[in-house]
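Remarks on the overall topology
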Amino acid sequence: MASTLSTVLSISASNIHNRRVRTRSLLPPLSISGTRRRLAIRAAETDANEVKPQAPDKAPAGGGSSFNQLLGIKGAKQETNKWKIRLQLTKPVTWPPLVWGVVCGAAASGNFQWNLEDVAKSIVCMMMSGPFLTGYTQTLNDYYDREIDAINEPYRPIPSGAISENEVITQIWVLLLGGLSLAGILDVWAGHDFPTVFYLALGGSLLSYIYSAPPLKLKQNGWIGNFALGASYISLPWWAGQALFGTLTPDIIVLTLLYSIAGLGIAIVNDFKSIEGDRALGLQSLPVAFGAETAKWICVGAIDITQISVAGYLLWSGKPYYALALLALIAPQIVFQFQYFLKDPVKYDVKYQVNHIIPPFEDFPSTRMTLLK
């Protein structure tokens with residue numbers, strides 16, 4: 001869940017619709033000389049071979065899917081209803097991993113009970129982490145990415161003008177303050193002397209802000225930005241759930257941060273669809289820095305190697321059945337990588353994420369829950 005809040009970011013305004021992106025002609029120059037023409041054609045073929053996955057097609061003339069619009073993913077229908085647009089900006093499809101992270105942290109605390117009060121606490125924590133803070137993070141990211149989206153996905157709500165920038169800024173503040181308020185309520189409810197959940201939410205929100213906003217804009221650096229994103233989606237919600245029902249211990253902090261290397265790989269998936277805009281604006285995402293072909297292997301390698309290493313750790317710790325269970329969860333993930341993502345990271349990114357999104361948050365956390373009880 002990103003911060004309990006994988007969340008979160010900031011708010012500031014910047015004017016950006018003034019840059020032009022220069023494009024090259026797709027046709028080689030005409031030449032009277034047969035030799036020069038052959039050279040020109042060969043050069044054009046070489047350039048074509050170097051072209052990596054292109055930016056997604058512009059919005060379909062027919063409109064797209066209403067379901068995709070509500071989830072906040074590609075292929076969304078163009079909407080005029082402001083509430084549907086506001087929901088789209090929060091990207092509900094990104095909430096489940098954070099919600100799951102809270103569940104894992106609560107279970108790992110060893111103190112969660114199936115009674116009305118504990119269930120209510122966990123639901124409030126999920127609301128804070130998902131709709132509020134993750135929604136805040138996603139809306140903030142869209143706000144600061146509006147110039148890139150104008151190149152890659154001009155049909156998105158902000159660059160298309162479906163919602164004004166002032167309305168977006170208001171939404172960012174409402175979600176941020178709402179999430180922080182829920183964090184404070186949870187600390188009081190849990191009887192904390194130190195407001196642990198509030199500071200986790202605040203820290204996650206700050207991380208989200210410097211990830212998306214200048215001058216730091218961590219996402220400009222593919223390694224730092226993607227690890228920060230992965231850590232917020234894996235570690236922060238876990239920490240929030242565990243702190244709410246128990247004590248957040250140093251070993252859990254270290255283990256979840258290490259596991260966030262897998263989150264780095266997950267974060268890279270979203271960079272492929274933005275190659276064109278990132279390159280034009282000088283953002284060094286890994287697909288831009290290394291090329292799409294290399295970056296896709298870095299992506300799956302970070303995910304798989306981290307999880308296989310955890311399986312090795314479980315085996316070394318004398319937990320062979322847990323290790324085998326984890327490997328059984330990793331296997332389908334690798335199948336989907338070859339079936340979808342490695343074939344074309346741009347075309348199949350949504351299909352891959354839908355098939356992949358549960359295992360990385362399910363295998364390690366569920367195993368750790370059992371070990372830590």
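Below you will find a few notes about this structure. (Residues numbered from 1 in each chain as written. Predicted model: local features only at pLDDT ≥ 70, side-chain atom pairs only at ≥ 80, totals over all residues. Heavy atoms only, no water.)

1. Quick notes on the environment of Ile-210
- Within the secondary structure, Ile-210 sits in helix α10 (residues 196-212).
- Linking Ile-210 and Gly-225, residues 15 residues apart in sequence, is a C-alpha distance of 9.3 Å.
- Leave out the neighbours within four places in its chain, and Ile-210 touches Leu-216, Lys-217 and Leu-218. (Helix = DSSP H or I, 4+ residues; strand = E, 2+ residues; numbered from the N terminus. Contact = heavy atoms within 4.5 Å.)

2. Comments concerning the environment of Gly-130
- Considering the arrangement of structural elements, one finds Gly-130 in helix α6 (residues 116-144).
- Between the C-alpha atoms of Gly-130 and Pro-92, which are 38 residues apart in sequence, the distance is 7.9 Å.

3. Description of the nonpolar core
- Cys-125, Met-128, Tyr-136, Tyr-143 and Val-168 are the most contacted members of the largest nonpolar core, which totals 38 residues.
- Those elements that place two or more of their residues in this core are α4 (82-90), α5 (95-108), α6, α9 (165-190), α10 and α11 (222-245).
- No other element matches the 9 residues that α9 contributes to this core.
- Grouped together as the second largest cluster of nonpolar side chains are 18 residues, Ile-266, Phe-272, Val-300 and Val-346 included. (Core = buried A, V, L, I, M, F, W, Y, C linked by side-chain atoms within 4.5 Å. Buried < 20%, exposed > 50% of the residue type's maximum accessible area, 1.4 Å probe, protein only.)

4. Things to note about the packing of aromatic side chains
- Scanning all chains against the criterion turns up 10 aromatic pairs.
- Between Phe-194 and Tyr-199, the ring centres sit 5.2 Å apart and the planes meet at 15 degrees, which makes this aromatic pair stacked.
- Note on Phe-194: relative accessible area 51%, which makes it exposed.
- Judged by its relative accessible area of 44%, Tyr-199 falls in the partly exposed class.
- Here the aromatic rings of Tyr-313 and Trp-316 are separated by 6.1 Å at their centres, their planes lie at 35 degrees, and the arrangement is tilted. Of this pair, Tyr-313 and Trp-316 both sit in helix α15 (residues 292-316), 3 residues apart, which is roughly one turn of the helix.
- Taking relative accessible area as the criterion, Trp-316 reaches 72% and is therefore assigned exposed.
- Cluster of aromatic residues (ring-pair linked, three or more members): Phe-112, Trp-114 and Phe-245.
- Over the ring of Trp-83 we find Arg-86, and its NZ or CZ is 5.8 Å from the ring centre. (Phe/Tyr/Trp six-rings, centres within 6.5 Å; stacked < 30°, edge-to-face > 60°. Lys NZ or Arg CZ within 6 Å of the ring centre and 35° of its normal.)

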